[in-house]
Amino acid sequence: MMSKSRILVSANPGSGKTEDLSNQVSKLLQDGVDSDNILCLTFTNKARDEMERRIILKIKDTKYKVPDIHTFHSLSQSIINHRMEGGDLIPERFLRYQILKSLETRQIMNYDGEVLSKDYPAIVNVGQIVNAIKFLKSFAILPDKVHIEELKKNVRMEYNNGNGVNGYTLEEMEILCEGFLDIFRDYESSKNLSQMDYNDILLRAVNYSKAHFNKYQYVFVDEVQDMSEIEYELVKQVGENVYAVGDMKQAIFGFQGGNIRALRDMMSGKDFEKRVIDGTRRLPKNVVEYCINFYRTHEPEELSPELDHFRSMNEKDGVVTLIRLKDKGDMIDAVTEILNKQNNDESVGIIVRTNEQANDLSDSLTLKNISHQKISGTKGEKLWREEISKFIGGIYGTSDSIIGMIYSIYSRIPLYDGIQIAERMRFENDLKKVLPRELIDIREKYGNHKNQLLQLFNDYIIPNSIALGESAFEAAKDVFDSLPMFLDRFGTGEEYSLASLQKYILQENSRDSVDEISEKVCIITVHKAKGLEFDHVIYIPKYTEKKNISAIDLIVDSILKSNNLSYSRDERIKEENRIDFVALTRTKNSLDIITEKKSSTRYDLEPCKKIDFTTKIVNNEFVSMKDISDREKLKLNFKPWIRDYLKKKMEKLNNLSFTMLERVKELDKFVESYVLGIQTKSSALTFGSDIHSYIENYIKSHETPPIMNDEKLTRTWSNFISYDKYVREIQKGKWLGSEMKFKQKVSNVFPDIMTNITVEGRIDGLYKYIEGNTEKTVIVDFKTSKKVNRDYVNQLSLYAKLFSLENKIDMEQIESEIAYLSLRDTKVNINRIEKRWDRIDPTIEMRALEDVKKTVEKFVNYKLSVDSMIRDILSVRNTESNVFIEFQKMLKMEMENS
DNA sequence: GCAATGTAGGTTTTT
DNA sequence: CCTACATTGC
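Small disclaimer: the values here were computed from a predicted structure and weren't measured.

Some thoughts on the overall build of chain A
- Each helix and strand counted, chain A has 36 helices and 21 strands in total.
- In terms of C-alpha radius of gyration, chain A reaches 32 Å, essentially the compact-globule figure of 29 Å for 898 residues.
- Looking at chain A as a whole, 53% of its 898 residues are labelled buried.
- In chain A, once contacts between residues fewer than 6 apart in sequence are set aside, the share between residues at least 24 apart is 76%.
- Accessible surface, chain A: about 42000 Å² in total, of which carbon and sulfur atoms supply 48%.
- Computed over 133 positive and 142 negative side-chain charges, the inter-centroid distance for chain A is 1 Å.

So, in structure tokens, the structure goes:
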């Protein structure tokens, strides 16, 4: 083989890449090359095992030793170990937590930790930054290679060319650039010498092998199209002769640094001898034709000479079917119908684009009793981490967090008992009198979260997780494994707190998946399906055309650019085509593509059969695995109580507040706060109440607040001072009071609502001024919200009405004003906190009062007819509250069984 | 016909 | 989280 030292083999899907590699290896051995001089490299452990299996098969009857077969990471690890520089792999949770901490303490964004941990794509969040850091490091870019002025210049250029980021001003972006660099630095310096992330392993190996490392004579690389810049570097350093096999059309790991540029260079340059493997054994004729057509249609510019060699050596014709759904909800029925037609002995791969799709589909198939396997991602464990966090919160915390713990699944308290306990806790200070004995014991025994945390996991959380099922156990074990590193790093000093521990626990982690395919029907993402084949494939794509670049992507692109590297937006679109190509080429027989009709044109190519599918069954309600098992359990001892409880609870609620009214519009929150008694306090709330009490003291007794060392507090306060100036000097007004409570009968406020309940409001500030000959009274509500919100008008309209009734002043003489003291109209914290005061227009105010009236009516109706409330509770979707879901589920069952 | 309300979507993929 | 667009209600 090695007439020339570097060979690049282009191999179409199913053409026998691994087979070719193992053949070449055994040929070398037969030619007398020593095993020790040969190295095989793969990307995944799975591929490594497969390669080993094939080679052993080839040489099993010979005297040859199996050569080194490594993944890129295991090779790197062995190089590092060789240099006595071994280290610990840092859990990704650590990485994420570190980033969250930097984002928060440096106040880079105008959001608090909870929001920054979620993946709202419009907001620069932890997930985006993790990806960015990993991506940059795959190009060997560390903070010292980020030149801030260059970076900003590139960003400015994009903005000047009209390629800015939606929702971010140039000013924000420039500040964000600095923020990103700070976070990157924080992250790198947070690790000690022995701690490494995946990219550190490669980076260190490259550096060490540069110094000196015994080269292998021959290096074989599988899936060469997925190689990142540093992996390419490593190959060049460890091997003299290179035999690389890959397929550019299957490069789908660009997000991970998979660098098509390296492959393009190899293909176009003269360093490598180019070869192509002929034919495909896997794919039947029609599928091959379809796939060629697909690639040529969507990538007309791409030179892919190996496509001319993409010929089926499979005697079957095969068939491609495009199933066009009228409605997205029909998908499960389409899948079911296809599965029902399958031969039970043959394997079916249901290939999806995202883990979320995989989870949803798997749950639906379970509901239909269709046995299958889901090769899962790691994102399904969020719920369990939340439950662990809530439980720990109550074990180590006080008051409100104990109520949270009572409702957590780990307390093992049934919902009914939980409600009773939460109720009693409001009047009873002695926990021993209300909490179950076991929880009291746990609080006492493991009461110190610094020292007994791991023991608590050992003794209680992990055993209980086992009882809760596999995914609960996986989640708990995963959290447990990553705790020592947290305690070691952050467990000392002032920054250690229950809150920081909970933040750490709530972060996602990525783990190696070890799933082997064992079922005939298998749900799998495209990326995991790479390298696999099935008798039949059902592909459910999720293709989205529109691509607005995100803030963090622009920064990453600009950093690459200033390092003379590039990963263009075009490349992102091309990768999407390749992802489809990989999915389409996994089948040995038939290929079914299921897509919504409106987005089907992309796949409407010859040769394919087209079917328009509409389901006969209408009901496609989402129910999760957990629901099913719980339901079964609950049916065993079922005693209806929720309806009565809700009724009683509603009967007791006889005094409305504005917050309560707001919650009526979001019943999940209403149930949480007023039925279950769970009060959540956010940092925004603390901030708001601090400011409000400063203002109260100032208005009532001219007290000035204590020295503030918080930027946001200081600026907000200074905004209040300018408002005060405006009131006294411009309006010539006089403060009359602050924090004044008013209470009225609802039937006084809204005469056509027949009820005995009352409504209450608290006015933040009140002043009067003279206009012409009339005295005007202004009621003021101070807001520390980031944004102007038109709902506030409703609140003020109600308060104005309450005030006019209480003081028998005509509504005409009352004006209301919203004073925003802490407006931040940007996503990035540009260190500016704006102010504005809105005098409310009387006509708008009247309309707003009508709005309030509707909500009050709704509330009164709920009190009168608990069944109408139940109906609405049952129709709530998309809630984030686990307890509410539990409540809803129980209620539903109760209603169905009564 | 317009306002109020609901909901999708903003990629996402993983050694 | 925030916006844009679709659907529903009066």
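The rest of the description comes next.
A short note on the UniProt feature "binding site: ATP" (unreviewed entry) in chain A
- UniProt marks Ala 11, Asn 12, Pro 13, Gly 14, Ser 15, Gly 16, Lys 17 and Thr 18 with the feature "binding site: ATP" (unreviewed entry), using the numbering shown here.
- Residue Asn 12 is classed as buried on the basis of its relative accessible area, which comes to 1%.
- The topology assignment puts Pro 13 in the loop between β1 (6-11) and α1 (17-30).
- Contacts of Pro 13, omitting those with residues within four sequence positions, involve Asp 247, Gln 250, Thr 280, Arg 282, Leu 283, Phe 310, Phe 581, Thr 585 and Arg 586.

Here's the deal with the environment of Gln 237
- For Gln 237, the position within the fold is in helix α10 (residues 229-238).
- Separated by 22 residues in the primary sequence, Gln 237 and Lys 215 place their C-alpha atoms 7.4 Å from one another.

What to know about the side chain of Thr 777
- By secondary structure assignment, the location of Thr 777 is in strand β19 (residues 774-783).
- The buried category is assigned to Thr 777, whose relative accessible area is 6%.

Focus on helix α21 (residues 470-490)
- With 21 residues, α21 should cover 30 Å at 1.5 Å per step; its first-to-last C-alpha distance of 30 Å lies within 8% of that length.
- Maximal helix bending in α21 amounts to about 35°, located at Leu 483; proline Pro 484 follows within four positions.
- All of the buried residues along α21 are Ala 472, Ala 475, Ala 476, Asp 478, Val 479, Phe 480, Ser 482, Leu 483, Met 485, Phe 486, Leu 487 and Phe 490.
- The inward-facing, buried residues of α21 contact β4 (88-89), α4 (92-105), β5 (195-196), α15 (382-396), α20 (453-468) and α22 (498-506).

Here's the deal with the protein's contact with DNA strand C
- Taken together, Tyr 111, Val 115, Tyr 120, Ile 123 and Lys 787 are the residues near DNA strand C.
- Put simply, 50% of the atoms of DNA strand C that lie within 4 Å of the protein are in sugar or phosphate.
- Along the lines of polarity and charge, the residues of the surface near DNA strand C split into 4 nonpolar, no polar and 1 charged.

Some points on the protein's contact with DNA strand B
- Around DNA strand B sit 23 residues in total, of which Phe 43, Phe 255, Arg 353, Asn 355 and Thr 525 are the nearest.
- Atoms of DNA strand B within 4 Å of the protein belong to the sugar or the phosphate in 44% of instances, the rest to bases.
- Between DNA strand B and the protein, one listed contact pairs a base nitrogen with a side-chain N or O atom of Glu 576 at 3.5 Å.

Some details on the sheet that holds strand β3 (residues 68-71)
- In spatial order, the strands read β3-β2-β6-β7-β1-β8; together these 6 strands make up an open sheet with parallel pairing. Unpaired on one side and paired on the other, β3 and β8 (273-277) mark the two borders of the sheet. For this sheet, the mean angle separating the axes of adjacent strands, direction not counted, is 20°.
- Bridge count for strand β2 (residues 38-42) against strand β6 (residues 216-221) is 4 bridges, and the pairing is parallel. Across the sheet, residue Leu 41 finds its bridge partner in β6, namely Val 221.
- Across the sheet, α1 lies against β1, β2, β6, β7 (239-246) and β8, angled at about 150° from β7, the strand it touches most.
- In the packing of helix α2 (residues 45-59) onto the sheet, the strands contacted are β2 and β3, and the crossing angle to β3 comes to about 165°.

Describing the sheet that holds strand β10 (residues 348-352)
- One open sheet holds the 7 strands; their spatial order is β11-β12-β10-β13-β14-β9-β15, and the pairing between them is parallel. Sheet topology places β11 (373-374) and β15 (609-613) at the edges, where each strand pairs with a single neighbour.
- By the bridge criterion, 2 bridges tie β11 to strand β12 (residues 521-525) in an arrangement that is parallel. Residue pairing for β12: Gln 373 is matched across the bridge by Cys 522.
- Running at roughly 50° to strand β14 (residues 587-596), helix α12 (residues 285-298) makes contact with β9 (319-325) and β14 of the sheet.

Side note on the pairing of β1
- Burial analysis of β1 places 6 of its 6 residues in the buried class, which makes it a mostly covered element.
- In β1, alternate side chains face the same way, and those of Arg 6, Leu 8 and Ser 10 on one face and Ile 7, Val 9 and Ala 11 on the other are all buried.
- Where β1 meets β7, 5 bridges bridge the pair, whose relative direction is parallel. Along β7, the bridge assignment pairs Leu 8 with Ala 244.
- When β1 meets β8, the two strands line up parallel, connected through 5 bridges. What sits directly across from Ser 10, in β8, is Val 276.

Description of the packing of α1 against α2
- In the contact formed by α1 and α2, the axes pass within 9 Å of each other and the chain directions differ by 45°. Overall, the two elements α1 and α2 adopt an arrangement that is oblique. The two elements α1 and α2 meet at a crossing, and its hand is right-handed. Facing Thr 18, Glu 19, Leu 21, Ser 22, Asn 23, Val 25, Ser 26 and Leu 29 of α1, the residues of α2 in contact are Glu 50, Met 51, Arg 54, Ile 55, Lys 58 and Ile 59.
- Here the contact of α1 with α2 is composed, by residue class, of 6 nonpolar, 4 polar and 4 charged.

Some points on empty space enclosed by the protein
- Using the criterion set out here, one finds 3 cavities of 30 Å³ or more in the structure.
- Put simply, the largest cavity is a space of about 70 Å³.
- Along its surface, the largest cavity is lined by 13 residues, and Ser 10, Asp 247, Met 248, Leu 263 and Met 267 are the ones closest to its centre.
- Looking at the lining of the largest cavity, the elements with two or more residues in it are β1 and α11 (260-268).
- Take the lining of the largest cavity: its biggest share by element is 3 residues, from β1.
- Classifying every residue of the lining of the largest cavity by side-chain character gives 7 nonpolar, 3 polar and 3 charged.
- Counting the residues that make up the lining of the largest cavity, at least three belong to each of domain 1 (6-88 + 198-277) and domain 3 (294-377 + 514-545 + 583-613).

Quick notes on the domain arrangement of chain A
- Domain assignment breaks chain A into domain 1 (6-88 + 198-277), domain 2 (91-190), domain 3 (294-377 + 514-545 + 583-613), domain 4 (379-506) and domain 5 (683-738 + 755-843).
- Each side of the interface is counted separately: domain 1 has 17 residues, and domain 3 has 14 residues.
- Buried surface at the junction of domain 1 and domain 3, summed over both partners, amounts to about 1400 Å²; 59% is from carbon and sulfur atoms.
- In this structure, the connection of domain 1 to domain 3 is made through 3 salt bridges.

Thoughts on the confidence of the model for chain A
- Put simply, chain A has an average pLDDT of 86, and 94% of its residues get 70 or more.
- Counted against residues more than four places away or in other chains, residues 617-626, with its pLDDT under 50, gives 19 contacts.

About the cut-offs
- Residues numbered from 1 in each chain as written.
- Chains lettered and ligands numbered in written order.
- Predicted model: local features only at pLDDT ≥ 70, side-chain atom pairs only at ≥ 80, totals over all residues.
- Heavy atoms only, no water.
- Helix = DSSP H or I, 4+ residues; strand = E, 2+ residues; numbered from the N terminus.
- Rg over C-alpha atoms; globule rule 2.2 N^0.38 Å.
- Buried < 20%, exposed > 50% of the residue type's maximum accessible area, 1.4 Å probe, protein only.
- Contact = heavy atoms within 4.5 Å.
- Areas by Shrake-Rupley, 256 points an atom, 1.4 Å probe, with all protein chains shown as cover.
- Lys, Arg positive; Asp, Glu negative; His and termini not counted.
- Charge placed at Lys NZ, Arg CZ, Asp CG, Glu CD.
- UniProt positions renumbered as here; feature names shortened; annotations may be inferred.
- Expected span 1.5 Å × (residues − 1).
- Bend = angle between axes of the 7 residues up to and from the residue.
- Near = heavy atom within 4 Å.
- Nonpolar A, V, L, I, M, F, W, Y, C, P; charged D, E, K, R; others polar.
- Polar contact = N/O pair within 3.5 Å; in protein donor to acceptor, adjacent residues only side chain to side chain.
- Pairing = 2+ DSSP bridges.
- Axes fitted to C-alpha atoms, helices over the stretch in contact; angles between N-to-C directions.
- Parallel < 35°, antiparallel > 145°, perpendicular 65-115°, else oblique.
- Left-handed = near helix turned anticlockwise from the far one by under 90°.
- 1 Å grid on protein atoms, 1.4 Å probe; cavity = no way out; pocket = protein on both sides within 12 Å on 5 of 7 lines; lining within 4 Å.
- Points joined across faces, edges and corners; volume = space filled by probe spheres on them.
- Domains from an automatic or database assignment.
- Buried area = accessible area lost by both parts, 1.4 Å probe.
- Salt bridge = Lys/Arg side-chain N within 4 Å of Asp/Glu carboxyl O.
- pLDDT = per-residue confidence, 0-100.

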